[in-house]
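Inside the fold
Listed below are the residues making up each chain.
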Amino acid sequence: MPARILVVGVERSGTSWVGGTLRSTPGAGFVGEPDHPELNPFAVRAVEGLGSHPVIARDEPGPAAYRKLWDAAFGAVPRYARGQGRISRAIFRSAERDDRLAVCHPEHPRVAPRLRIASALAVPKHVTGHMRTRVVKSVRVHFALDWLRANWNPTVVVCRRHPLDVVASALAVDIPPGLDWLAPAARAQAMERFGVAEPSTVDLLTCMAWRTGLLMSVLDEHVRRHPELHVADHENLCGAPVERMRELVTSIGLEWTQDSEDFVIERDRPGTGFQVSRVASEQPGKWRTRLSADDARTAARVLAQFPISDAYDLHV
């Protein structure tokens, strides 16, 4: 049975659904988004100035705080004083969202005073107790995946979803699409790997489509290079949630139980925003009602530049 599992994907690709299902298996502990400075105070310290998606090569040591973050997520229990984390989280919750987002700006990071205090007191996100398996979920490790695999050797599950559905869903929940949150080294990979120039416009739809195409193509390249990685295809899962999730869980080496089946069944119902619940059968192709015809054509033209477009029908 794998001791460490890493669930990765772009935002709105089903990572929470997959991560929650794996979490429901016996002996599994779960750490969600330990590297996201909008959600966790220690991440403020760990990703400061690295951009929304840190770029770290396989053979690099990586920043000390960022490495400590992943050590804890994958099972190394950090030392901390009683109440330290609770105080940190209370201060962190009082900070403005824009201040949390500004932390990871790769060229002009800004850490508000209360966030500086919260991050100084923060404890890396982790689960305590004896766990046979630690499931970690992140939507920000695309350019550090080789580094993570080299250092912690997790079993990796890559979540994929139709890119137009990703774009439509991300815009619907107000995920910032700005490309300036990506480090220059990350943006440059669009041209270096895929021959795609960065858009000259700041149009939200165009930027979100470009970022989605880049990030999905990077993950797809990982899968092509490493066929041992597991792929959770959103459209496939939605077609038969219980059966497909059972296949995924058992293929990883985890035990499917009634708790797992109940988790999937109970979440096959209406939900909004960042809730995991959704009527699964209604999700594939939802971009057709969320995007106007003109917006869908614009997004499809941007996505068509990237290799990931070969795997999906982008006809509008």
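Refer to the structure above for everything that follows.
Residues numbered from 1 in each chain as written. Predicted model: local features only at pLDDT ≥ 70, side-chain atom pairs only at ≥ 80, totals over all residues. Heavy atoms only, no water.

Along the chain, the position of R278 falls in the loop between helix 13 (258-266) and helix 14 (287-290). Nearest to the buried, unbridged R278 among oppositely charged side chains is E282, at 8.5 Å. A polar contact is formed between the side chain of R278 and the backbone oxygen of G273, at a distance of 2.7 Å. Those residues in contact with R278, other than ones at most four positions away along the chain, are R12, R267, D268, R269, G271, T272, G273 and Q283. (Helix = DSSP H or I, 4+ residues; strand = E, 2+ residues; numbered from the N terminus. Buried < 20%, exposed > 50% of the residue type's maximum accessible area, 1.4 Å probe, protein only. Lys, Arg positive; Asp, Glu negative; His and termini not counted. Salt bridge = Lys/Arg side-chain N within 4 Å of Asp/Glu carboxyl O. Polar contact = N/O pair within 3.5 Å; in protein donor to acceptor, adjacent residues only side chain to side chain. Contact = heavy atoms within 4.5 Å.)

In this section: a positive patch on the surface. A cluster of basic side chains, namely R82, R86, R89 and R93, defines a positive patch on the protein surface. Positionally, R86 belongs in helix 4 (residues 84-93). Overall, the relative accessible area of 57% leaves R86 in the exposed class. (Patch = residues over 30% accessible without salt bridge, like charges linked within 9 Å, V, L, I, M, F, W, Y side chains within 5 Å. Areas by Shrake-Rupley, 256 points an atom, 1.4 Å probe, with all protein chains shown as cover. Charge placed at Lys NZ, Arg CZ, Asp CG, Glu CD.)

On inspection of all chains with the given rule, the structure shows seven aromatic pairs. Here the aromatic rings of W147 and W152 are separated by 5.2 Å at their centres, their planes lie at 75 degrees, and the arrangement is edge-to-face. The two residues W147 and W152 agree in class, both being buried. Members of the aromatic cluster, connected to one another through ring pairs, are Y66, W70, F74, W147 and W152. Above the face of the F92 ring, R100 is positioned so that its terminal group lies 4.4 Å from the ring centre. (Phe/Tyr/Trp six-rings, centres within 6.5 Å; stacked < 30°, edge-to-face > 60°. Lys NZ or Arg CZ within 6 Å of the ring centre and 35° of its normal.)

A negative phi angle characterises most non-glycine residues, just as the trans form characterises most peptide bonds. A positive phi angle, close to 75 degrees, is found at R12, a residue other than glycine. According to the relative accessible area criterion, R12 is buried, its value standing at 16%. Notably, N153 is not glycine yet its phi reads approximately 50 degrees, a positive angle.

To continue, consider the pattern of salt bridges. All chains considered together, the criterion is met by 17 salt bridges. Residue E38 is joined to R97 by a salt bridge in which the shortest nitrogen-to-oxygen separation is 2.7 Å. Of the two residues, E38 sits in the loop between strand 2 (28-32) and helix 2 (41-46) while R97 sits in helix 5 (residues 97-102), which places them 59 residues apart along the sequence. On the basis of relative accessibility, which here comes to 17%, the residue E38 falls in the buried class. For E198, the salt bridge goes to R187, with nearest N and O atoms at 3.3 Å. Taken as a pair, E198 in the loop between helix 9 (184-194) and helix 10 (204-225) and R187 in helix 9 lie far apart in primary sequence, 11 residues in all. On the basis of relative accessible area, R187 is assigned to the buried category, the value being 15%. Salt bridges here are not isolated pairs; linked through shared partners, they connect D146, R193, E221 and R225.

Another point: helix 3 (residues 64-73). Within the sequence span of helix 3, burial applies to A65, Y66, L69, W70, A72 and A73. One side of helix 3 holds all its buried residues, which, seen down the axis, span an arc of 160 degrees. Here the buried face of helix 3 lies against strand 1 (4-8), strand 2, helix 2, strand 3 (133-138) and helix 7 (145-152). Immediately downstream of helix 3, the backbone of G75 shows phi near 130 degrees, a positive value. (Arc of directions from axis to C-beta.)

Another point: the packing of helix 8 (residues 163-172) against helix 10. Across the interface, helix 8 lies against helix 10 with an axial gap of 10 Å and an inter-helix angle of 130 degrees. Taken together, the axis directions place helix 8 and helix 10 in an arrangement best described as oblique. Where helix 8 crosses over helix 10, the handedness of that crossing is right-handed. Taken together, the residues of helix 10 that come into contact with helix 8 (itself represented by P163, V166, V167, A170 and L171) are L204, L205, M208, A209, T212 and M216. (Axes fitted to C-alpha atoms, helices over the stretch in contact; angles between N-to-C directions. Parallel < 35°, antiparallel > 145°, perpendicular 65-115°, else oblique. Left-handed = near helix turned anticlockwise from the far one by under 90°.)

Moving on, we get to the pairing of strand 5 (residues 230-233). Here strand 5 shows one buried face, formed by H230 and A232, and one open face, formed by V231 and D233. Note that strand 4 (residues 155-160) and strand 5 share four bridges and pair parallel. Pairing of V157 across the sheet is with H230, part of strand 5. (Pairing = 2+ DSSP bridges.)

Below, the discussion takes up helix 8. Within helix 8, eight of the 10 residues are buried, which leaves the element mostly enclosed by the surrounding structure. All of the buried residues in helix 8 are P163, L164, D165, V166, V167, A168, S169 and A170. Tucked inside the fold, the buried residues of helix 8 contact helix 10, helix 11 (234-239), helix 14 and helix 15 (293-303). Downstream of helix 8 by a residue or two, D174 has a phi angle that is positive, lying close to 65 degrees.

Our focus in this paragraph is the pairing of strand 1. By the criterion of burial, strand 1 is predominantly enclosed, with four of the five residues buried. The pairing of strand 1 with strand 3 spans five bridges and is parallel. Looking across to strand 3, one finds that L6 is bridged to V136. Bridge count between strand 1 and strand 4: four bridges; the pairing is parallel. Across the sheet, V7 pairs through a bridge with V157, a residue of strand 4.

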